[in-house]
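Notes for the structure review
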Amino acid sequence: MSASRYRIVQSSAASRVAATLGLIVLAALVLAPYWAGRSDLRLLGEILLYLSLASLWNLLAGYAGLVSVGQQAFVGLGGYALFGLTIFGGLNPIVAVLAAGVIGGLVAMPVAALIFRLRGAYFAIGTWVMAEVFRLVAAQVSALGGGSGTSLPTAVVQSIADGRDAREATSYWLALAMAVLVLAVIYAVLRSRKGLALTAIRDNELAARSLGIDIWRTKFTIYVIVGALTAAVGALIFLQKLRISPDAAFSVNDWTAFVIFIVVIGGIGTVEGPIIGVIVFFLLRETLADLGTTYLIILGTFAIGVMLLAPKGLWGMVRARSDIQLFALRRKVVAKLKD
Amino acid sequence: MDWLNAIVQGCLLGGLYALFAAGLSLIFGVMRLVNIAHGDLIVLAAYLGLTVTGALGLHPLMSLLIVIPAMALIGYVLQRGILNRTIGDDLLAPLLVTFGLSVILQNGLLEVFSADPQKMNAGALETASIPVGGITLGVLPVLMFLTAVGVIAGLQWMFYHTALGRAFRATSDNQAIAQLMGLNRAHVFGLAMALALAVTGIAGVFLGIRTSFDPSIGGGRLIFGFEAVIIGGLGNLWGTLLGGIILGVSQAVGAQINPGWQLLAGHIAFLVLLAVRPKGLFPRMDG
Amino acid sequence: MVEPLLVVAGLDAHYRDFQALYGVDLQVDPGEVIAIIGANGAGKTTLMASIAGLLPNRPDAIRYRNEPIGRLRADQVAARGIALVPEGRQLFPSLSVEENLLIGGQLGRPGPWSLETVFELFPILRERRATASTALSGGQQQMVAIGRALMSNPDLLLLDEISLGLAPVIIKTIYEALPGIIGTGMSAIIVEQDIGKALAVSQRVYCLQEGRVSLQGHSNQLTRAQISRAYFGV
Ligand SMILES: Nc1ncnc2c1ncn2[C@@H]1O[C@H](COP(=O)(O)OP(=O)(O)O)[C@@H](O)[C@H]1O
Ligand SMILES: [Mg+2]
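Anyway, here's the lowdown on the structure attached to this text. (Residues numbered from 1 in each chain as written. Chains lettered and ligands numbered in written order. Predicted model: local features only at pLDDT ≥ 70, side-chain atom pairs only at ≥ 80, totals over all residues. Heavy atoms only, no water.)

With that settled, consider the site of ligand 1. Residue and element names in this part refer to chain C. In the vicinity of ligand 1, the contacting residues are Tyr15, Phe18, Ala20, Ala39, Asn40, Gly41, Ala42, Gly43, Lys44, Thr45 and Thr46. Within the backbone of Gly43, one N or O atom sits 2.9 Å away from an oxygen atom of ligand 1. With the chains in place, 61% of the 550 Å² that ligand 1 exposes on its own is no longer accessible. No other element matches the three residues that helix 1 (residues 44–52) contributes to the shell around ligand 1. Residues belonging to the shell around ligand 1 are distributed by class as follows: five nonpolar, five polar and one charged. (Near = heavy atom within 4 Å. Polar contact = N/O pair within 3.5 Å; in protein donor to acceptor, adjacent residues only side chain to side chain. Areas by Shrake-Rupley, 256 points an atom, 1.4 Å probe, with all protein chains shown as cover. Helix = DSSP H or I, 4+ residues; strand = E, 2+ residues; numbered from the N terminus. Nonpolar A, V, L, I, M, F, W, Y, C, P; charged D, E, K, R; others polar.)

What follows is the structure in structure tokens.
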């Protein structure tokens, strides 16, 4: 039995169908400013930004085992970077979004060096402390309105695009581009050697170490990548909102709790999970929004229920019934046909 | 004199932080559970105290007679009903479930009590003070601090000198073998959470007397408690008290420099200590 | 005819996908001491853990005093009078010697065993009662583990390889104490690698091989050849 009779494939019929469907959906999304109304477009943009946040948190927690509850640090940092760079640096907002990403990555490095000293759940709360520090520092920046925050000046807003429709479309396209970028980066990371190392670490840290995988460096790299992208997403969020304040920018509920709920409801540790989760989250939100705080109580209860009854999430339930995989990540050994 | 005063007031405030932290420390020690909803449970206790004082016309401190057992009961039911199902090797389950609880509690309180800040009125106790040397000590902060010392001493004694404490330590060491000894870990964990929330009840009532509160402030209290636990060293109760004091003093000193720096100074002290002493000042010494 | 104390019938045990026991049948009468022998990995510890309630089973697979206990939790099994001295001793490291013993007695079952009688059985433990259990020698730790199990005044005592890793003199001391324990009318199941010791202390013996009972009989009637065949499968 020679090795050449087998080949390793990463794609499957399901993933090819999914890719085709994905392209169709993508095309529809690109054209959304032409078919969707203003409020629908805003909602779509928000969904895409939440998809990015959820996918990033999933990479961090579901793959690298870094369960952070402080990603609002980077969302807020990105938002404040956008405001600072456009208002004081005179940068074009779109350039500022990219710069916010760079800043996010740079800040993530010392942050990681410090909080990687904490393990497990204490790491989680340590990330939250970090976010609190960021929030309190932001509240000290009186040039950006201190504790009460500030709005993006009209001149900056107008420099995004001419006219409100064009601006909202640009904002939306940026959110779409960001979601595509985030998914592409995650896909690339997971298919790389680092991705394999991550899976190995997640499955068994001790064994991974004995295989010579440098766990700290692998986790550090992922943390920095996620920090950079999360900051860029944060910049886009506040480019859409046009107003920032420390409490909104560093909100643990908005940028972490809901994001975790999305990932867990959809299915942690899968690329598909956050996509499913974000759809469910927004379906719930749009149907129950009138209930106000009751909606959040229902959401919290739903997330707890999923965690206790179906810890692999909705996508996990689908997977348990069929071996389907939309993003071809697992490698399969297939016997080659005679050739 | 201002500085000495700030330091003394900070010490006393540290007692309250130690009360926030003691419950966290206890449940982490016994079942390795980190409860994200801990701060919201403190706030819940404050609202319970408010309701009891309002309904019965009691002094806020007397409301403890009802708040403490009520919180203990909530703790036991919560642990047996929900949290026990999350205990295991997986970190995510307890984290997510307590996060969910946190969101439920916050919004539940918001629904019932609205977002308006509330405060319990302890009458003359709030303004009473005793001059010591050149500084005046508020009776309430002193009472809070002494209560914290008493609670920590009590917990320490319970842990090392009672059958319940023995059961807690045994279960913490090895759950399966403890079960063999006839200890039902679900029940032991329930008792640990009951005790932790009883302490939380005290913390909540003191919080509600000292400052105004609203449903959103739980996260901040969780963080103070967490910082005190880590500074003092995981699983070390006296260390936790010291952690609370360090936090309180840092905040008071920060506020003395610039009123806006109060909280920031506390967090920075925590991060600096984390950088130089990642295992805390007193690493777990009870084995 | 006396009613048996413990009846194990068709017991299977699994660790995830791996099956460790296959249809094990076993019986212990009141006052009887049985030995279980078998090579490493044969499933002896798994059998002990199943009886003690550490592994869940069909309710009916294990009956104690004619009550199905297969599905009960370990604490419920302990409350009914079954105590396990686990393999590797497994003392509580953050408890002192005395506290380890007290935790064994916390069910409060009445009977001859108390702190006092355990100290009479193993006098060295009285001297070291306040010591951290981790500071003891292996033999002393084993004494604490046995004492801890006795403190619950069990009717059925399960001893899993109590001589494991101990020096021969210590093993001798511990085995000399055994008659004083099981002579009190207590039943016992003794897991032992040393076949000579196993046969000497027991009335009947079971041999496990790869999760199955490969031989059983009266300790004084089995031949060496029979045993080594059942033991090694040759
Ligand atoms: N926790 C466990 N997980 C998986 N397999 C186990 C576990 N414990 C024991 N086994 C396996 O079950 C079989 C029986 O083990 P055990 O009951 O410990 O045997 P013995 O006590 O006779 O040496 C062995 O093959 C062992 O590898
Ligand atoms: Mg064994």
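That shown, we press on.
If you roll a probe as big as a water molecule over the atoms, it shows you where there is empty space left. Residues and elements named next belong to chain A. A complete count under the given rule lists five cavities of 30 Å³ or more for this structure. When its volume is computed, the largest cavity comes out at roughly 90 Å³. Around the largest cavity, the lining residues are Leu41, Arg42, Arg167, Glu168, Ser171, Tyr172, Leu239, Gln240 and Leu242. When residues of the lining of the largest cavity are traced back to their parent elements, those giving at least two are helix 3 (38–63), helix 8 (164–191) and helix 11 (215–241). When residues in the lining of the largest cavity are grouped by element, the largest group, four residues, is from helix 8. Each residue belonging to the lining of the largest cavity can be placed in one class, and the counts come to four nonpolar, two polar and three charged. (1 Å grid on protein atoms, 1.4 Å probe; cavity = no way out; pocket = protein on both sides within 12 Å on 5 of 7 lines; lining within 4 Å. Points joined across faces, edges and corners; volume = space filled by probe spheres on them.)

Residues and elements named next belong to chain C. As judged from the six bridges shared by strand 9 (residues 204–209) and strand 10 (residues 212–218), these two strands associate in the antiparallel manner. From the neighbouring strand, Arg204 faces strand 10, where its bridge partner is His218. If you look at the hairpin formed by strand 9 and strand 10, you'll find two residues sitting between the two strands, and Glu210 has a positive phi there, around 45 degrees. (Pairing = 2+ DSSP bridges.)

Turning to the interface of chain A and chain B, a few remarks are in order. Taken together, the contacts link 38 residues of chain A with 42 residues of chain B. Between chain A and chain B, the buried area comes to about 3700 Å², and carbon and sulfur atoms account for 83% of it. In this structure, the connection of chain A to chain B is made through zero salt bridges. Our enumeration of links across chain A and chain B arrives at seven residue pairs in polar contact (both at pLDDT 80 or more). (Contact = heavy atoms within 4.5 Å. Buried area = accessible area lost by both parts, 1.4 Å probe. Salt bridge = Lys/Arg side-chain N within 4 Å of Asp/Glu carboxyl O.)

All right, on to the coordination of the magnesium ion (ligand 2) then. Residue and element names in this part refer to chain C. Distances from the magnesium ion (ligand 2) to its protein donors, namely Thr45 (OG1) and Glu87 (OE), fall within the range 2.0 to 2.2 Å. Of this pair, Thr45 sits in helix 1 while Glu87 sits in the loop between strand 6 (82–85) and helix 3 (97–104), and the two are 42 residues apart along the sequence. A relative accessible area of 31% places Glu87 in the partly exposed class. (Donors = N, O, S within 2.8 Å, 3.2 Å for Na, K, Ca; no water. Buried < 20%, exposed > 50% of the residue type's maximum accessible area, 1.4 Å probe, protein only.)

Let us now look at the environment of C:Met143. All names here are of chain C. Along the chain, Met143 falls in helix 6 (residues 138–150). Owing to a relative accessible area of 9%, Met143 belongs among the buried residues under this scheme. Along the primary structure Met143 and Val85 are separated by 58 residues, whereas in three dimensions their C-alpha atoms are 10.0 Å apart. Filtering out sequence-adjacent residues up to four positions away, Met143 remains in contact with Phe122, Ile124, Leu125 and Ile174.

What follows is about the sheet that holds strand 6 of chain C. The strands making up a sheet associate through hydrogen bonds between their backbones, and the pairing can be parallel or antiparallel. Residues and elements named next belong to chain C. Pairing is mixed across the open sheet formed by six strands, whose spatial order is 6-7-8-3-9-10. The outermost strands of the open sheet, each flanked by one partner alone, are strand 6 and strand 10. Here the strands of the sheet are splayed against their neighbours by 15 degrees on average, with no regard to which way each runs. Sitting on the sheet, helix 6 touches strand 6 and strand 7 (156–160), and the angle it makes with strand 6 is about 175 degrees. (Axes fitted to C-alpha atoms, helices over the stretch in contact; angles between N-to-C directions.)

Moving on, we get to the packing of aromatic side chains. Tallied over the entire structure, the rule returns 21 aromatic pairs over all chains. Seen in terms of ring centroids, A:Phe258 and A:Phe281 are 5.8 Å apart; in terms of plane orientation they differ by 40 degrees. Their pairing is tilted. Here A:Phe281 lies in helix 14 (residues 272–288) and A:Phe258 lies in helix 13 (residues 252–266), a separation of 23 residues in the sequence. A:Phe258 sits in the buried class, given a relative accessible area of 9%. The class of A:Phe281 is buried, set by a relative accessible area of 3%. One residue, B:Arg32, lies across the ring of B:Phe28, its end atom 5.4 Å from the ring centre. The ring centre of C:Tyr22 lies 4.1 Å from the NZ or CZ of C:Arg212, which sits over that ring. (Phe/Tyr/Trp six-rings, centres within 6.5 Å; stacked < 30°, edge-to-face > 60°. Lys NZ or Arg CZ within 6 Å of the ring centre and 35° of its normal.)

This part takes up helix 2 (residues 38–56) of chain B. In this model, helix 2 of chain B (19 residues) spans 27 Å end to end at C-alpha, consistent with the 27 Å of a helix rising 1.5 Å per residue. Among the residues trailing helix 2 of chain B, B:Gly57 stands out with phi positive, at a value near 65 degrees. (Expected span 1.5 Å × (residues − 1).)

So, about the environment of B:Met193. All names here are of chain B. If you trace the backbone, Met193 turns up in helix 9 (residues 185–210). For the pair formed by Met193 and Leu33, sequence separation is 160 residues and the distance between their alpha carbons is 10.0 Å. If we skip the residues at most four places from it in the chain, Met193 touches Ile27, Met31, Leu33, Asn35, Gly75, Gln79 and Leu83.

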